[in-house]
There are 2 protein chains.
Amino acid sequence: LDYQHVQVPFEITLWIMLASLAKIGFHLYNKLPSVVPESCLLIFVGLIMGGIIYGLNDRSPPVMDSDIFFLYLLPPIVLDAGYFMPSRPFFENIGTILLYAVVGTIWNVFGIGFSLYGICQVKSFRLQDVSLLHNLLFGSLIAAVDPVAVLAVFEEIHVNEKLHILVFGESLLNDAVTVVLYKLFRSFCEMPTIKSVDVFAGIGKFFVVGLGGVLVGLSFGFTAAFTTRFTKDIRVIEPLFVFLYSYLSYLTAEMFHLSGIVAIISCAMGMKRYVEANISLKSHTTVKYFMKMWSSVSDTLIFIFLGVSTIGENHEWNWPYICFTVIFCLVWRALGVLVLTFFVNRFHVNTITSKDQFIIAYGGLRGAICFSLVFLLPDFHRKKLFIAATTVVILFTVFVQGMTIRPLVDLLAVKRKRESAPTVGEQIHIRFLDHLLAGIEDISGHWGQYYWKDKLEYFNSKYLQKILLREYDQPKSSIVLLYEKLERKHAMELAQAGQLGHGLAHPSFLCSAFLCSSSDRTVITDQKLEDTPNPDVLDNMQEILARNLYRIRRTGPAYNRHTLPGDSEPAERAKEILILRHKSL
Amino acid sequence: LDYQHVQVPFEITLWIMLASLAKIGFHLYNKLPSVVPESCLLIFVGLIMGGIIYGLNDRSPPVMDSDIFFLYLLPPIVLDAGYFMPSRPFFENIGTILLYAVVGTIWNVFGIGFSLYGICQVKSFRLQDVSLLHNLLFGSLIAAVDPVAVLAVFEEIHVNEKLHILVFGESLLNDAVTVVLYKLFRSFCEMPTIKSVDVFAGIGKFFVVGLGGVLVGLSFGFTAAFTTRFTKDIRVIEPLFVFLYSYLSYLTAEMFHLSGIVAIISCAMGMKRYVEANISLKSHTTVKYFMKMWSSVSDTLIFIFLGVSTIGENHEWNWPYICFTVIFCLVWRALGVLVLTFFVNRFHVNTITSKDQFIIAYGGLRGAICFSLVFLLPDFHRKKLFIAATTVVILFTVFVQGMTIRPLVDLLAVKRKRESAPTVGEQIHIRFLDHLLAGIEDISGHWGQYYWKDKLEYFNSKYLQKILLREYDQPKSSIVLLYEKLERKHAMELAQAGQLGHGLAHPSFLCSAFLCSSSDRTVITDQKLEDTPNPDVLDNMQEILARNLYRIRRTGPAYNRHTLPGDSEPAERAKEILILRHKSL
């Protein structure tokens, strides 16, 4: 037996296996996940495992290594979040999100820090040796809402899109603020005296850390898009680039002490559009699937490790400090949301209701990021108290808030996510309004979001697409694109209506219709189709489509390590196009 | 700047990135890969990089760590090879493959070892200090054909399936022999005296190492299949199990000093059939894609590292020893193939032609496995000579043989791989002959391959499928399955014929036809379809299909981390089945 030799990969594989099996186990009983969030169950599994390890070895089980967390477990989750981020609601609410993320987090840090310092002054609590700076440092790590915990809970309660993006966006973007404040206070703790210059330098750092992250992310994202222009002959390694470049952006940002989370999100959002257009459909399925899989495994491991690390002798218990930490976390967040929303609502037509405000305040869950940060603290005599307080806050928010938020959402009748996707009619109106508002903003000289969106779109089609896309056609006008979209939608409608109305149709067209529907990834798949098309339009469409669309692509026999079955032969397709053209003439 | 912190993941990511970019680079110029095999180009890139590192640091660049090679780079390639192994030709030729792998490898080891010992006796070569045991040890590591190198070359020359599987199967299965002989001779080198008991124990080990590997692999494979029965609610982690269990089987085998390669191949071949039936189509695409991607990257890294490691001061040059090593490798392999094939041809109707024999002998490429093994040798004064000889043999086989094999195959007009898949007619005949031969063998009392295949199929449908498959219907007879297959094939034919013959068809049926064709993974996609169906059969089929097949599945809007868009709703489908049944009554 030679265990030493294979120990590292063997243990890693076993941990991942344990996590996956735990996940399967929960889903075997359908009732369990609908009552208790998965994160709670996983922490519970972790607690049991930690207890077993503690009982067997009679010493504290190993705590989750901060390096492992920040370098290996966090990036997949953030990448997944960034890649699947619904960009429209995100950019529509970017102002509010930034306000919550920056001002709200600073508010919480100082609020919690100062009020805990106040508690420390009460003599009977025996906490007078905890200085103001230490309290602020603690505040800076406990104030930040955790994206992993928020995602785990909010994904299951299906609140409306705006509410979701407000909480989730805040949890992602506050990373820059947390990084700066945490590092600032930690360096202040080690300095003998603090000059006012240092404070101003700290404020300047906000912008460097945040905007630097965005820059690093975007540059890696565009490089990734550019690289996928040249992968036509080796489709199998296409998904790799998506992962490699995003990870490099994260690591590079971390290397320069910028915000890695912001970097990887910018990278994912920047490259998504171009990469999707360049890579094959199968590569894209693989990218999406693997991202989900990886983030799901990471997230499971994080919660299990969180449970395991809780057990042990790392804690110093002090009732008043710990209780007041929990209370202040709740109170300051609630106050912050109230005050900030008051200002937000004054400048917006589409206001945030008081129910939404309650859910935003209540959804401020803490998680593994706080936990990793508290273990990274320099050693000082009260570190164990901070660890205990952080653990309690995390467990309280994940268990108590996480388990009660679903019933509360039901009770308050918070506006839910709209289950059906917008119809084509709605989409046309939205597009029309966007154009109209961009025009109004341009004429009135107000540089609002529609103006910038229009400019960005222009810049994109004029320059970026030419550089980053492989098969770049002339930029089509919106109206042509919309026509194509409608055409495909009707093809699908007909395909479905035929089932019910027994209409006779040209077979090639129907196959093509199905082909189109499966090749069009973003638009059609999300739409509910009507069951009753107009027969006149039907005949007309039928003819148009039969003339213009191409037959189904088939796969040839192939056994090669560098290609997958299904890469279509362009020569055959070109011939087909020729034949169809010839016929129509 | 904090490089230390992110060094490990950063450098790994950069190496992978370099490998992928090198791959893209080669494929940008279409002419290059058709003349020079990719493996040569990659070694060349490695040589250049090694030269740069050597030039900058003025010391030998780091050699490829054997642990990294055996634990991280080799498993993905072998997994890919095992998973995509064409099982029919493999099991049809298993006897011949085993003969080459076991007897052939032993023949080569002793042949090369003894004749090199003879060379060492020539006084003018100054090699008298190399003992017989050391020569045999060297023989055991240089004799084995390398699966990575063989795959890289044979995938591109498209020889006929039998020839391919003979060389490739041998390269995979000789691992058990190599492991045993290498470890045996290494332990003999360290023993003071060798008893005849030890030699017999060595022979017994063959069976333990080989069969143990098969057992470990199969048990993990069946566990994997069993696990995927329960992943219905969490599709995203399905692909994970395929990778985790295969890797665990490899590590477990390595831990017990069994053959890891044999284990992972058995695991992949054992689970493939059941896992494919249990997991969703998208999961399966991801599994296939990721396997290809991973093995492709591993293989690229191996060749680059091979190049990098060649540069440096690890070599001791001795012209006679190195030249004679290359000559003996070629001669003994050629002799071995000739002699073994003589016996094989006496017992088979379908003989191996002399052209095939030449390609088998010539295709015995050496690669990274020898290279890693030679670095694992215990330190003794002639180790550097062995390293130099191994490097030369690898470079000679990969460059000279690898680059000339394609012109030779053209020149000799070796039978090529059949490009088109067998037609349904051929398939029916093959199936019929299998049954017939199984019956003949049963009656005549001869337990040949058909008899065992039939028994295994019976055992599979009677017991294994019930345990391992999620949706297990009653075992259907072959004829029903064949009927279903034909039905689908006709559906596709019609779909295509409609394009050309303008036949009118029921639309729902055509969509269903396309659906079937895309849901049937193994059979239809490989077949060339005829363009001229009989109109009477067409009408008939049309009616049958329109009544029996279901409409296309659509995806609903979903934004959730644990599900992907596209998991169909079973409720709707059940309703549809009900409606169709109702109509047909």
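Residues numbered from 1 in each chain as written. Chains lettered and ligands numbered in written order. Predicted model: local features only at pLDDT ≥ 70, side-chain atom pairs only at ≥ 80, totals over all residues. Heavy atoms only, no water.

Trainee: Would you take a moment to explain the overall build of chain A for this structure?
Mentor: Within chain A, the secondary structure is distributed over 23 helices and zero strands. Burial status across chain A gives 52% buried among its 585 residues. A sequence separation of at least 24 residues applies to 82% of the contacts in chain A between residues at least 6 apart. With the model as given, the accessible surface of chain A reaches about 26500 Å², and the carbon-plus-sulfur share is 66%. (Helix = DSSP H or I, 4+ residues; strand = E, 2+ residues; numbered from the N terminus. Buried < 20%, exposed > 50% of the residue type's maximum accessible area, 1.4 Å probe, protein only. Contact = heavy atoms within 4.5 Å. Areas by Shrake-Rupley, 256 points an atom, 1.4 Å probe, with all protein chains shown as cover.)

Trainee: Would you mind showing me how to read the environment of A:Met17 here?
Mentor: Relative to the assigned elements, A:Met17 resides in helix H1 (residues 3–28). When its relative accessible area of 5% is taken as the criterion, A:Met17 is described as buried. Spatially, the C-alpha atom of A:Met17 lies 43 Å from that of A:Ile352, the residues being 335 residues apart in sequence. If near-sequence neighbours (up to four positions away) are discounted, A:Met17 is found in contact with B:Phe241, B:Leu244, B:Tyr245 and B:Leu248.

Trainee: In this structure, what is going on with helix H13 (residues 281–310) of chain B? I would like to understand it.
Mentor: What sets the pattern is the α-helix's 3.6 residues per turn: residues three or four places apart point alike. All names here are of chain B. Look at H13: 44 Å from first C-alpha to last across 30 residues, which is about the 44 Å you get at 1.5 Å a residue. Burial of H13 is extensive: 26 of the 30 residues sit out of reach of the surface. Two residues or fewer past H13, glycine 312 is found with a positive phi of approximately 135°. (Expected span 1.5 Å × (residues − 1).)

Trainee: Would you mind showing me how to read the domain arrangement of chain A here?
Mentor: All names here are of chain A. Domains assigned within chain A are domain 1 (63–412) and domain 2 (425–471). If you average the C-alpha positions of domain 1 and of domain 2, the two centres end up 31 Å apart. Each side of the interface is counted separately: domain 1 has 17 residues, and domain 2 has 13 residues. Between domain 1 and domain 2 lies a buried interface of about 1200 Å² when both sides are counted; carbon and sulfur atoms form 43% of it. For the domain 1 face of the interface with domain 2, the top three residues by lost area are Arg88, Arg229 and Tyr274, together amounting to 46%. Linking domain 1 with domain 2 are two salt bridges, by the criterion used here. The partner of arginine 273 in a salt bridge is glutamate 457, and the shortest N-O contact between them spans 2.9 Å. Summed over the shared surface of domain 1 and domain 2, the number is six residue pairs in polar contact (both at pLDDT 80 or more). Mapped onto the side of domain 1 that touches domain 2, the elements with two or more residues apiece are helix H5 (87–92), helix H10 (196–227) and helix H12 (260–278). (Domains from an automatic or database assignment. Buried area = accessible area lost by both parts, 1.4 Å probe. Salt bridge = Lys/Arg side-chain N within 4 Å of Asp/Glu carboxyl O. Polar contact = N/O pair within 3.5 Å; in protein donor to acceptor, adjacent residues only side chain to side chain.)

Trainee: So what exactly am I meant to see when it comes to the packing of aromatic side chains here?
Mentor: For any two aromatic rings, the description comes down to two numbers: the centre-to-centre distance and the angle of the planes. Enumeration over the complete set of coordinates arrives at 57 aromatic pairs over all chains. Ring geometry for B:Phe185 against B:Phe188: centres 6.5 Å apart, planes inclined by 75°, an arrangement best described as edge-to-face. Of this pair, B:Phe185 and B:Phe188 are both found in helix H9 (residues 161–190), three residues apart, which corresponds to roughly one turn of the helix. In this structure, B:Phe185 and B:Phe188 share a single accessibility class: buried. An aromatic cluster of three or more residues is present, and its members are A:Phe243, A:Phe290, A:Trp294, B:Phe243, B:Phe290 and B:Trp294. The cationic tip of B:Lys272 hangs over the ring face of B:Tyr83; the distance from NZ or CZ to the ring centre is 5.4 Å. (Phe/Tyr/Trp six-rings, centres within 6.5 Å; stacked < 30°, edge-to-face > 60°. Lys NZ or Arg CZ within 6 Å of the ring centre and 35° of its normal.)

Trainee: Looking at this model, I keep getting lost on unusual backbone geometry. Mind explaining?
Mentor: Residues apart from glycine generally show negative phi values, whereas peptide bonds are mostly found in trans. Positive phi outside glycine occurs at A:His158, with the angle close to 50°. By the secondary structure assignment, A:His158 is in the loop between helix H8 (147–157) and helix H9 (161–190). Although it is not a glycine, B:His257 sits at a positive phi angle of roughly 60°. Along the chain, B:His257 turns up in the loop between helix H11 (238–255) and helix H12 (260–278). Residue classification places B:His257 among the partly exposed residues on the basis of a relative accessible area of 33%.

Trainee: What is the right way to read the environment of A:Leu47 from this model?
Mentor: All names here are of chain A. With respect to the helices and strands, the residue leucine 47 is situated in helix H3 (residues 38–57). Separated by 328 residues in the primary sequence, leucine 47 and phenylalanine 375 place their C-alpha atoms 18 Å from one another. If we ignore the near neighbours within four places in the chain, the residues touching leucine 47 are Gly307, Val308, Thr310 and Ile311.

Trainee: Would you take a moment to explain the packing of helix H4 (residues 66–83) of chain B against helix H16 (residues 368–375) of chain B for this structure?
Mentor: In the contact formed by H4(B) and H16(B), the axes pass within 9 Å of each other and the chain directions differ by 145°. Across from B:Ser66, B:Phe69, B:Phe70 and B:Leu74 in H4(B), the residues of H16(B) making contact are B:Ala368, B:Ile369, B:Ser372, B:Leu373 and B:Phe375. (Axes fitted to C-alpha atoms, helices over the stretch in contact; angles between N-to-C directions.)

Trainee: It is not clear to me how the pattern of salt bridges should be interpreted in this structure. Could you clarify?
Mentor: Inspection of every chain in the model, using the stated rule, returns 26 salt bridges over all chains. The salt bridge involving B:Asp434 is made with B:Arg88; its shortest N-O contact spans 3.1 Å. Here the residue B:Asp434 occupies a position in helix H18 (residues 424–444), and B:Arg88 occupies one in helix H5 (residues 87–92), the gap between them amounting to 346 residues. A relative accessible area of 33% places B:Arg88 in the partly exposed class. Bridged by salt links that share partners, the residues A:Arg88, A:Glu92, A:Asp434 and A:Lys453 form one connected network.

Trainee: Looking at this structure, how should I read the state of the cysteines?
Mentor: Two cysteines whose sulfur atoms are joined by a covalent bond form what is called a disulfide. All names here are of chain A. Throughout the structure, instances matching the rule amount to zero disulfides over all chains. Sulfur of cysteine 189: no disulfide; nearest cysteine sulfur belongs to cysteine 120 and is 13 Å away. For cysteine 189, a relative accessible area of 26% translates into the label partly exposed. (Disulfide = S-S within 2.5 Å.)

Trainee: Before we go on, may I ask you to explain the side chain of A:Asn278 in this structure?
Mentor: Residue and element names in this part refer to chain A. By secondary structure assignment, the location of asparagine 278 is in helix H12. Under the relative-accessibility criterion, asparagine 278 is labelled buried at 3%. Polar contacts involving the side chain of asparagine 278 include one to the main-chain carbonyl oxygen of leucine 468, which spans 2.8 Å.

Trainee: Can you help me understand a nonpolar patch on the surface in this one?
Mentor: Residue and element names in this part refer to chain A. Nonpolar side chains collect at one region of the surface, where Trp107, Ile327, Leu330, Val331, Leu335, Leu338, Val339, Phe342 and Phe343 lie side by side and expose about 770 Å² of accessible area between them. Sort the elements by how many residues they give to the nonpolar patch and helix H14 (residues 319–347) lands first, with eight residues. Counting through the fold element by element, valine 331 comes out in helix H14. According to the relative accessible area criterion, valine 331 is partly exposed, its value standing at 38%. (Patch = residues over 30% accessible without salt bridge, like charges linked within 9 Å, V, L, I, M, F, W, Y side chains within 5 Å.)

Trainee: Please clarify how the side chain of A:Asp434 should be interpreted in this entry.
Mentor: For A:Asp434, a relative accessible area of 15% gives the class buried. Residues contacting A:Asp434, with those up to four places away along its chain left out, are A:Arg88, A:Tyr450 and A:Lys453.

Trainee: Just checking my understanding: could you explain the packing of H3(A) against helix H17 (residues 383–412) of chain A for this structure?
Mentor: Two packed helices can be described by the angle between their axes and the distance between those axes. Residues and elements named next belong to chain A. For the pair H3 and H17, the least separation of the axes is 9 Å and the interaxial angle reads 140°. When the interaxial angle is binned, H3 and H17 end up oblique. With respect to the hand of their crossing, H3 and H17 are arranged in left-handed fashion. Between H3, through Ser39, Cys40 and Ile43, and H17, the contact on the second element is made entirely by Leu395, Val398, Phe399 and Met403. (Parallel < 35°, antiparallel > 145°, perpendicular 65-115°, else oblique. Left-handed = near helix turned anticlockwise from the far one by under 90°.)

Trainee: Would you explain the environment of B:Leu469 in this entry?
Mentor: Residues and elements named next belong to chain B. Within the secondary structure layout, leucine 469 lies in the loop between helix H19 (449–468) and helix H20 (478–501). Residues leucine 469 and valine 197, spaced 272 residues apart in sequence, show a C-alpha to C-alpha distance of 47 Å. Contact partners of leucine 469, with chain neighbours within four places excluded, come to Arg229, Tyr274, Ala277 and Asn278.

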